[in-house]
Protein chains: 2
Amino acid sequence: RSKEGERGSLEKQLNGFGEKGKERSRTSLVISQAVNRSIFTSAVSPAAERIRFILGEEDDSPAPPQLFTELDELLAIDGQEMEWKETARWIKFEEKVEQGGERWSKPHVATLSLHSLFELRTCIEKGSIMLDMEASSLPQVVEMIVDNQIETGLLKSELKDKVTYTLLRKHRHQTKKSNLRSLADIGKTVSSASSPAMAHRNLTSTSLNDISDKPEKDQLKNKFMKKLPRDAEASNVLVGEVDFLESPFIAFVRLQQAVMLGALTEVPVPTRFLFILLGPKGKAKSYHEIGRAIATLMSDEVFHDIAYKAKDRQDLIAGIDEFLDEVIVLPPGEWDPAIRIEPPKSLPSSDKRKNMYSGGENLQMNGDTPHDGGHGGGGHGDCEELQRTGRFCGGLIKDIKRKAPFFASDFYDALNIQALSAILFIYLATVTNAITFGGLLGDATENMQGVLESFLGTAVAGAIFCLFAGQPLTILSSTGPVLVFERLLFNFSRDNDFDYLEFRLWIGLWSAFLCLILVATDASFLVKYFTRFTEEGFSSLISFIFIYDAFKKMIKLADHYPINSEFKVDYITHYSCACEPLDPGKTIFMETSFSLQYNTTIDWSSLTVKECLKYGGQLVGNNCEYVPDITLMSFILFFGTYTCSMALKKFKTSRYFPTTARKLISDFAIILSILIFCGIDALVGVDTPKLIVPSEFKPTSPERGWFIPPFGGNPWWVYLAAAIPALLVTILIFMDQQITAVIVNRKEHKLKKGAGYHLDLFWVAILMIICSFMGLPWYVAATVISIAHIDSLKMETETSAPGEQPKFLGVREQRVTGVIVFILTGVSVFMAPILKFIPMPVLYGVFLYMGVASLNGVQFMDRLKLLLMPLKHQPDFIYLRHVPLRRVHLFTFLQVVCLALLWILKSTVAAIIFPVMILALVAVRKAMDYLFSQHDLSFLDDVIPEKDKKKKEDEKKKKKKKGSVDSDNDDSDCPYSEKVPSIKIPMDIMEQEPFLSGSKPADSE
Amino acid sequence: RSKEGERGSLEKQLNGFGEKGKERSRTSLVISQAVNRSIFTSAVSPAAERIRFILGEEDDSPAPPQLFTELDELLAIDGQEMEWKETARWIKFEEKVEQGGERWSKPHVATLSLHSLFELRTCIEKGSIMLDMEASSLPQVVEMIVDNQIETGLLKSELKDKVTYTLLRKHRHQTKKSNLRSLADIGKTVSSASSPAMAHRNLTSTSLNDISDKPEKDQLKNKFMKKLPRDAEASNVLVGEVDFLESPFIAFVRLQQAVMLGALTEVPVPTRFLFILLGPKGKAKSYHEIGRAIATLMSDEVFHDIAYKAKDRQDLIAGIDEFLDEVIVLPPGEWDPAIRIEPPKSLPSSDKRKNMYSGGENLQMNGDTPHDGGHGGGGHGDCEELQRTGRFCGGLIKDIKRKAPFFASDFYDALNIQALSAILFIYLATVTNAITFGGLLGDATENMQGVLESFLGTAVAGAIFCLFAGQPLTILSSTGPVLVFERLLFNFSRDNDFDYLEFRLWIGLWSAFLCLILVATDASFLVKYFTRFTEEGFSSLISFIFIYDAFKKMIKLADHYPINSEFKVDYITHYSCACEPLDPGKTIFMETSFSLQYNTTIDWSSLTVKECLKYGGQLVGNNCEYVPDITLMSFILFFGTYTCSMALKKFKTSRYFPTTARKLISDFAIILSILIFCGIDALVGVDTPKLIVPSEFKPTSPERGWFIPPFGGNPWWVYLAAAIPALLVTILIFMDQQITAVIVNRKEHKLKKGAGYHLDLFWVAILMIICSFMGLPWYVAATVISIAHIDSLKMETETSAPGEQPKFLGVREQRVTGVIVFILTGVSVFMAPILKFIPMPVLYGVFLYMGVASLNGVQFMDRLKLLLMPLKHQPDFIYLRHVPLRRVHLFTFLQVVCLALLWILKSTVAAIIFPVMILALVAVRKAMDYLFSQHDLSFLDDVIPEKDKKKKEDEKKKKKKKGSVDSDNDDSDCPYSEKVPSIKIPMDIMEQEPFLSGSKPADSE
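Residues numbered from 1 in each chain as written. Chains lettered and ligands numbered in written order. Predicted model: local features only at pLDDT ≥ 70, side-chain atom pairs only at ≥ 80, totals over all residues. Heavy atoms only, no water.

What counts here: UniProt positions are given in the numbering used here, feature names are shortened, and annotations may be inferred rather than shown by experiment.
As annotated in an unreviewed UniProt entry, chain A is Anion exchange protein from Amazona collaria. As stated in UniProt under Sequence similarities (unreviewed entry), the record for chain A gives "Belongs to the anion exchanger (TC 2.A.31) family."

What follows is the structure, encoded as structure tokens:
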């Protein structure tokens, strides 16, 4: 049997080959070590040399354009003649045409077989490689290839016509949309006119290549084009089996100039590369896999560069070898190859791989990403905004200089629908806050400052701050400590017969003066001692207070509208509440005049509760103290609004509806929830407590005006003595303002226009003067609302290549949203008729949402959750990889203790020294230096956000490993002691790996 | 410079090598083609031959035991002497010791570098391979290895002592638990006594190997042991760098007998394999990677077999080559190697790979998994239960024969806590259902059949059925169509002066007779015409009815307890409701006797509503028609119960708490929700409508007894005429019963004890006779409750190897839960004092939950959701890969139309022919054969559950591809025409791939 014989002879050959190569490590030579890592040899392979040469040269030339790769296979469709049918495409990830579904698969990571890669390597070794071919049409290209093959003896000349004919067959492309699109898609785009005739079997573009060199109508109409950059080029991979060939026909072509080759490509981009593989019948599957392999290589950033710069066949082979060297291998028993792997959230930059070859750059790279953990300072300590200038007002001047160039863009950057959503959301939060604090303040100061003052103050202070401050994303508001202070101050004034408002004016002036001194002396640089520990402690505490307050208000509401739990339907006749005159004697007196008595009696029963009490009546009956429905309805609204906001916010990640619709719903989640539950409230019609906005513009108390005269009310020494409480107020203001500023300016928010700690404080001081003179409350930055403001303004990239994750780009930094919010707050006085439809429980629900949402992504909360998780279910946090769990728990425990103490403090009269206690947090953190190693602290207490650090670590790992695949046996164990000196070290030093052994790399040789 | 020189010479060598091998495809030879797939050569490689030989021989020997692989590395700990420290371990997936975290990572897929695999290959080529070594202690093993190395000249004899010393250093193992365990862990297990001294740095077991050969205390205490089977063996991988070696010291040892080598291994399992790699300083990273590579190989099922059976070095190398050939490759630019890949949900079976070598078996394998799609029959058509015997009662006898052997196990299989949860849940659902239907039935039949009859009937029929029926998982209940029929029948009887109960008795007898005929003639085989289309249509409809009814009842409740939406707190004095005498004249009459009049007046106002109406009074006042709080509270309870059930059910997949606790919570989700919301209801104290169970045991109507006399009430001809309505009832019963039975017996439930369609129907008929005589309602299988029953009894494997997914094992098939549920239902009459605390809205919430939960996983619902999803977000359903989207949508649309028609039908009086219309569904499905291709239908309308099919397809693919990696360019395009004849085909035929080309594989050569 011929087959048997063939096998036998090949076996001999193989054995012979094995004999010859036995001495030498065959395999380790075949996979060329791009950078040597072999444990048996210690030299750099020629492939690595080659790649270093290819990639290293002329770095000033423009980067090669993005490639679109299309895999076409030769198929007989409907029993017709053979045609080239598109079966897969690549920009970065693979998308394949589903077999029967006539649809594109989701983009996925192209899993290859090692085998197909090696076969591809052989193809490149054996086939025609024609670099920089000068041709302008497909027939021309095909002719040149065929001629070349005949010349080199790879093709018999009698097959020329057949090959040419095959290669010039029609190309059918997979159109993006199926004819019957999902309802969701129809909602998304205006249906493009697709006539049924043309869309026969959903395959279009059935033109012959040789007919036109211009892009086809279908090509131009293809929406996929928008995923590609303007200068993109195409690489076409054509594979297929034919019956006339006996050995494979292989060609790799790079054109001198990218040329539009008619309808060869799905999208109208010019073709630069062509890979052709025709082979004998029976191995279509292998050809397909080889086609996928070359296509995957072409979409690999490094090979892509090599393909553009390659000078000869060996360069391409070196590129394949480099690719093989970097490849990640999954064991067959642990992974099912049929699983389509979703593109990962983040990808390692290909720069690392490229830099490995292009010279010393990688060492510089090594130097510029030190882990900036370690003591205190963390992420923001070293930022330019907080450096101490040492000059008078140096920081303030720098802040102004830094922010001034952005002033114009602070306005036009707001032109986005997102801003509208943010305005509505923050407006409602601010108004609710103003009302709540106004009410409380009115209580505390016997209406010397009330709701209207709160509105006016919020509007004036907020608008001015957002217009001129260093960080206009910060939202000013009254805060808890300020409220406590006002209450104490008022009581003190009353007990000592001081004029409260005048006393307060002087305290405000002194505080403002002290704040201005802090500004002038750049005292804000102290902020850098606020580490993650302090920050998260503070913001968690504020969030807890928000959540606690929301529930407290609901419980208060329930107390105010008690439910009659004794009520039985059957006993309805027994429940009543009537107004009766208080004094029975009065009734008797009235009884004397008969008709009057009758009238009066009627009057009593028709009186409302308020009237009854006003006229001195009393409410008699077992139903008077109960209010039906309102409490329960309020709870429904409260939890409903919260749940609905949460659900709508998460809707962004659902599968339903087009991305834009989902984004819109998510952006407007809170507003939608408020509207929905206002609707439900209106529908049910229960008289729930509504938002009440003052409708007249005059001071709450008739005893005061809009200007507080600075003299006359108190003895002269009070003006000086006011400096003492002012000191406390100053600390309070400074801490409250700056911690929130630090949180707002966190690096993870990726703010581009810089912070302005000094400028912020300057304006807070100025506003304090204004507010003091007008008798309005004082304002500082409000943590939770500011975070909500930022969250509602976050930007993400629109995905470019299919499968790539959208990236968080930053926050829409502008002054418009803030300014409009506060202007709206000001004019809310005139919007009372609309606002009165909003039930308070809905707004409490929003408060609850804000409190919970601002706890999201706080590392402290993550660590708290760890306590409830069994070890094996704990998420893969970077600090868990590096810090023993008991240290993590100890850290969490200490933080919890601190917060518990602060909470207790806050609940007592000592609340006034609350801000001072925040300073104590800094001290506690400092004391932790003795309890925890710097290594542990650098992971647990650090302002660098989670993902950034993980990425950095991976990068570092990558560099260390010099590209070797690892399952993260990471050696970056001591991140804080790792400032690599940026001396240029020759490549061969890199071979020594400072892994686990304690041996350090020599700096030179 | 020496390095330069070295490199230069090596380059020359390389080039020389390249020259020699140029002619031949070097790479494609190196990677040996296990089964030839190369496009250039066409022979089977020697490696494949070898593996076929290794794996093919003596298949009767017991399968090699499971391996536990441990990677130990040589490290200096705390600046002390070197020690071997465990850094990773494998059962199936890799778990590594986190660098600083002193913890095990999560199990993950071991991503390797190609490079390390090739280096490992070289290691095996160059190192000492000692198979079947006879040794019983580690020093002995080490000595033999070292001697061997010196003998073969690989090691200088003067290094013997140093190497021996190094290899016998202490071994430190990573204990599983951190000292400070999470709260969740503490809750899970009783803390094992770990003294602080011993747990120094959390590393224990610091013994010297040479001291003891017995397992250490720590080893024995290790909880990890329970993850391993009893006969597991260990393979130890030791890698490390030392300063005294100049070339690597490599050894691969297989012991003749697995031996406990002291504290070498973390767990007390005997060691079978040892891989040792010591090398010169500076390459620890590479050694680590090679160690990981061999460990991964050892945990690979195929290599594991080869390692056990290998005769020499070449066998091992062939094993590595086979592994390399099967490996899955991820392109470096599309994947971040630092990402730990979670173990996949399902893994391809290694049998495919093994069978590829061990002869013709694979073709049999090919034959036994045909895609059983195509026309009608689907998944259950071909099952043994539904085959027509053709004999009298043949099916029934077979059913009894099939079920009898399981009768005993049907009782002891229920011994599980899960059964308790199922009993409570189903009991409450059944009681609620009995009450609802009882109430409706009482309405419809003027209490001839009422709640008590419903209770009694449910208890008797259910208990008997569960005790004796073919499928005891089915829960009997009254169903909608039966209710409609009873109503019509009662009205007809009343209008024609028939004795309703006697007439009904005769209809029941006739129906039972007809059913018994159906049983005797094996008519249940017709069930196989119920395809997924019919089944899902029916069950979706029933689920919709459940959901609709839950809401309808809530709205009815709201109507019954109207909210006073005009209520204003201030006007509370204006609301009243008083009882007044209806007739003012009466009052006047009473006024004559003075004292009596006064008494009477007082009486009127103290009367309750019921009393008032009884004594002929009237309710006067604007508050009489309103009921406060109850409606709102009911809605809170309703939605609360539903949401809570859903959330708790999902809790199983959360990260918190140990698995057992989560499973318990999830199993008891509904009971917990009911208890929670009963508690909330009791706390608020609002008088919500409660579950009312009859407390006396007597017929609801005094006009009837517990036995219906068959004669005397109606003229004689009525007894015969009853056969006509009986025909309708028979269809109704048959359809209702059998469709539910089909759904219960679905293959995806993996029932092991078989179905019993005939036996089920037999008992339904018998029960019908009993119920008819006792005047109780008729009972058939209830879809939704039966599904809930099955869901609450599902079993999953406890995970064995870390990282492996728990598998769905089947359902706890037993009779106990059902029987107890119905006994409880029966004695509920005496549990009224407890049950009366359960508010009805809570039970309606449970109904809503059941309705929604039973829609889960129904393909029809998935397809409905597709309508709302843009193409690119659609999940990767198997049918979407194969059927064009517009066909899928058309199919969904037709189904929706059918259901809409059925719904309309159901809502009218025509509801009585509802079951007949279900038959129409079968006809519609039949008609679809003309609209859809068999190919499309085989994917859309098939009883094989989703995941099974995908797996099968993958398997098939796998076989087709002969192990090549693919990204599912699946060629199983025509699943229904793919019955491969099971002729033994020689291996070389397998080379021909029937992919896309239309060429079919030759059957023989």
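**Let's talk about the overall build of chain A**
Stated formally: Runs of H or I in DSSP of at least four residues are treated as helices and runs of E of at least two as strands, each being numbered from the N terminus. With a 1.4 Å probe rolled over the protein chains alone, any residue whose accessible area is under 20% of its type maximum counts as buried; one over 50% counts as exposed, and the rest are partly exposed. Note on areas: Shrake-Rupley with a 1.4 Å probe; residue coverage comes only from the protein chains shown.
Helix and strand counts for chain A come out as 39 helices and 17 strands. Counting over 1005 residues, chain A shows a buried share of 59%. Taken as a whole, chain A presents about 39500 Å² of accessible surface, with 62% of it coming from carbon and sulfur.

**Side note on the nonpolar core**
Note the cut-off: Buried Ala, Val, Leu, Ile, Met, Phe, Trp, Tyr and Cys residues that are joined via side-chain atoms within 4.5 Å together make up what is termed a nonpolar core. Working rule for contacts: check all heavy atoms of both residues, and any pair within 4.5 Å makes them a contact.
Formed by 306 residues in total, the largest nonpolar core has its most connected members in Met850(A) and Met850(B). Apart from the residues lying within four places of it in its own chain, the contact partners of Met850(B) are Phe425(B), Ala429(B), Phe546(B), Val784(B), Ile785(B) and Ala788(B). Grouped together as the second largest cluster of nonpolar side chains are 78 residues, Leu120(A), Val239(A), Leu316(A) and Phe273(B) included.

**Remarks on the sheet that holds strand E4 (residues 112–113) of chain A**
In plain terms, the rule: In this analysis, strands are considered paired if DSSP registers two or more bridges between them.
If you walk across this open sheet you meet the 4 strands as E4(A)-E11(B)-E11(A)-E4(B), and the pairing is antiparallel. Where the open sheet ends on each side, the last strands, each with one partner, are E4 of chain A together with strand E4 (112–113) of chain B.

**Looking at helix H14 (residues 394–403) of chain B**
Structural remark: α-helix, 3.6 residues per turn; residues separated by three or four positions point the same way. Every buried residue of H14(B) is accounted for by Gly394(B), Gly395(B), Leu396(B), Asp399(B), Arg402(B) and Lys403(B). At its buried positions, H14(B) is contacted by helix H19 (500–520) and helix H29 (757–774) of chain B.

**Points about the packing of aromatic side chains**
Heads up, the rule is: Aromatic rings from Phe, Tyr and Trp, taking only the six-membered ring of Trp, are treated as a pair when their centres fall within 6.5 Å; an angle between ring planes under 30 degrees marks them as stacked, one over 60 as edge-to-face, and anything in between as tilted. Our definition puts a charge over a ring when NZ of Lys or CZ of Arg is within 6 Å of the ring centre and also within 35 degrees of the ring normal.
Tallied over the entire structure, the rule returns 50 aromatic pairs over all chains. Where Phe891(A) meets Phe932(A), the ring centres are 5.5 Å apart and the plane angle is 75 degrees; that geometry is what we call edge-to-face. Of this pair, Phe891(A) sits in helix H36 (residues 885–907) while Phe932(A) sits in the loop between helix H37 (914–928) and helix H38 (934–940); the two residues are 41 residues apart in sequence, bridging distant segments of the chain. Residues Phe891(A) and Phe932(A) agree in their burial class; the two are buried. Ring geometry for Phe498(B) and Phe503(B): centres 5.3 Å apart, planes at 70 degrees, overall edge-to-face. Three or more aromatic residues joined by ring pairs make a cluster, and in this case those are Phe492(A), Phe498(A), Phe503(A) and Trp717(A). The ring of Trp778(A) has Arg504(A) sitting right over it, with the charged end atom 4.4 Å from the ring centre.

**Focus: the pairing of strand E10 (residues 271–280) of chain A**
Residue and element names in this part refer to chain A. Burial of E10 is extensive: 10 of the 10 residues sit out of reach of the surface. In terms of strand pairing, strand E9 (residues 249–259) meets E10 through 7 bridges, oriented antiparallel. Residue pairing in the sheet places Val 259 in a bridge with Thr 271 of E10.

**Regarding the pattern of salt bridges**
Oppositely charged side chains may form a pair once their charged atoms are brought near each other. As a reminder of what qualifies: For this document, the term salt bridge refers to a Lys or Arg side-chain nitrogen within 4 Å of an Asp or Glu carboxyl oxygen.
What the rule picks out here adds up to 51 salt bridges over all chains. A salt bridge links Asp410(A) to Arg815(A); its shortest N-O distance comes to 2.6 Å. With Asp410(A) in helix H15 (residues 409–412) and Arg815(A) in the loop between strand E17 (808–811) and helix H31 (816–827), this pair connects stretches of sequence that are 405 residues apart. Look at Asp410(A) and you get buried, because its relative accessible area is 1%. A residue is classified by how much of its surface remains accessible, and Arg815(A), at 1% relative accessible area, is buried. In this structure, Arg402(B) engages Asp399(B) in a salt bridge whose closest nitrogen and oxygen atoms are separated by 3.0 Å. Here Asp399(B) and Arg402(B) lie together in helix H14, a separation of 3 residues that amounts to about one turn. On the basis of relative accessible area, Asp399(B) is assigned to the buried category, the value being 0%. What you see here is one network of salt bridges that share partners, running through Asp410(A), Asp413(A), Lys753(A) and Arg815(A).

**Overview of the side chain of His749(A)**
All names here are of chain A. We count it as follows: Pairs of N or O atoms within 3.5 Å make up the polar contacts considered here, provided that, within protein, one atom can donate a hydrogen while the other can accept it, and that residues adjacent in sequence are counted only when both atoms are side-chain atoms.
Inspection of the secondary structure assignment puts His 749 in the loop between helix H28 (723–744) and helix H29 (757–774). Its relative accessible area of 7% is what places His 749 among the buried residues. At a separation of 2.9 Å, a polar atom in the side chain of His 749 contacts the main-chain carbonyl oxygen of Val 744. Aside from chain neighbours lying at most four places away, what touches His 749 is Ile 743, Val 744, Ile 790, Lys 794, Phe 808, Gly 810 and Val 811.

**Some remarks on the packing of helix H28 (residues 723–744) of chain B against helix H30 (residues 783–791) of chain B**
All names here are of chain B. What counts is decided by this rule: In this analysis an axis means a line fitted to C-alpha atoms, helices contributing only their contacting stretch, and an angle means the value between N-to-C directions, from 0 to 180 degrees. Geometric relationships in this document are graded by angle, where less than 35 degrees denotes roughly parallel, more than 145 denotes roughly antiparallel, 65 to 115 denotes roughly perpendicular, and other angles denote oblique. Note on convention: near helix rotated counterclockwise from far helix by under a right angle means a left-handed crossing. Clockwise means right-handed. Asp, Glu, Lys and Arg are counted as charged, while Ala, Val, Leu, Ile, Met, Phe, Trp, Tyr, Cys and Pro are counted as nonpolar; the rest, among them Gly, fall into the polar class.
Orientation of H28 relative to H30, taken along the N-to-C sense of each, is 20 degrees, at an axis distance of 10 Å. It follows from the interaxial angle that H28 and H30 lie roughly parallel. Regarding H28 and H30, the two cross each other, and that crossing is right-handed. Taken together, the residues of H30 that come into contact with H28 (itself represented by Thr 740, Ile 743 and Val 744) are Thr 783, Ser 786, Ile 787 and Ile 790. Each residue belonging to the contact of H28 with H30 can be placed in one class, and the counts come to 4 nonpolar, 3 polar and no charged.

**Section: empty space enclosed by the protein**
Quick note on the threshold: Cavities and pockets are defined on a 1 Å grid built over the protein atoms alone: a cavity is a set of grid points where a 1.4 Å probe fits but cannot escape, while a pocket is an open set with protein on both sides within 12 Å along at least five of seven lines, and lining residues are those with an atom within 4 Å of any such point. Grid points are joined across faces, edges and corners, and a volume is the space filled by probe spheres set on the points.
A volume near 190 Å³ is recorded for the largest cavity. If you go around the largest cavity, you meet 17 residues; those closest to its centre are Phe567(A), Asn623(A), Pro628(A), Asn623(B) and Pro628(B). Classifying every residue of the lining of the largest cavity gives 11 nonpolar, 4 polar and 2 charged.

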